[in-house]
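Residue-level structural notes
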Amino acid sequence: MMGRILAPYGVKGWVRVVTFTETPENLLAYSPWHLMRNGRWQVAEVLDGREHGKGLVVHLAGCDDRDAAAGFSGTDIGVYRSQLPAPEADEYYWSDLVGLQVFTLQDTLLGVVDHLIETGANDVLVIRGEREHLVPFVREQVIKSIDLETGVIRVDWDPDF
């Protein structure tokens, strides 16, 4: 998921969008968008858009008035993985980390990455196992290795914490 449509913006069919990209304007570079509506993904063409506050305002094809725009409120925005640039060395998309098993350096299984949260200081892995662990995503200090091929993350973390 790359963002979410929040609400109508004005009366001409524009919508307010919150993005989950590092820079909000980056979402405008991806075309087409895929919108989760009525339980399935639908293709949407972005006619125009710009940064507005901490997000975007966007005009979608076929959305020409406030009532039509209101129908998009709460809609998730996705793009195909092939549309995204390859991550740099030692960079990861959050979606690549979800589902990976997390082990301590002593081979204790903490669980599986359920999702990540952004705290401002650093991202945090939310790991579900026998109990929930919140592990800061701090490379070298806490996160010792990530192996996407084997699906394993190794952390320097106390399993009782």
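Located above this text is the structure these notes cover.
To start, this report covers the structure provided alongside it. (Residues numbered from 1 in each chain as written. Predicted model: local features only at pLDDT ≥ 70, side-chain atom pairs only at ≥ 80, totals over all residues. Heavy atoms only, no water.)

Considering the nonpolar core
With 18 residues, the main nonpolar core has Ile5, Val17, Leu27, Trp33, Leu35 and Leu60 as its most contacted residues. When residues of this core are traced back to their parent elements, those giving at least two are strand E2 (14-19), strand E3 (33-37) and strand E6 (55-60). Here this core takes three residues from E6, the largest share from any one element. Among all residues touching Trp33, those that are not within four sequence positions of it are Val17, Leu27, Leu28, Gln42, Val43, Ala44, Val46, Val58, Leu60, Ile77, Gly78 and Val79. In this structure, Val102, Leu110, Val142 and Ile153 belong to the second largest nonpolar core, which totals 16 residues. (Core = buried A, V, L, I, M, F, W, Y, C linked by side-chain atoms within 4.5 Å. Buried < 20%, exposed > 50% of the residue type's maximum accessible area, 1.4 Å probe, protein only. Helix = DSSP H or I, 4+ residues; strand = E, 2+ residues; numbered from the N terminus. Contact = heavy atoms within 4.5 Å.)

Here's the deal with a negative patch on the surface
A surface patch of negative charge is lined by Glu22, Glu88, Glu91 and Glu118. Mapped onto the fold, Glu88 is located in the loop between strand E7 (76-78) and helix H2 (94-97). (Patch = residues over 30% accessible without salt bridge, like charges linked within 9 Å, V, L, I, M, F, W, Y side chains within 5 Å. Areas by Shrake-Rupley, 256 points an atom, 1.4 Å probe, with all protein chains shown as cover. Salt bridge = Lys/Arg side-chain N within 4 Å of Asp/Glu carboxyl O. Lys, Arg positive; Asp, Glu negative; His and termini not counted. Charge placed at Lys NZ, Arg CZ, Asp CG, Glu CD.)

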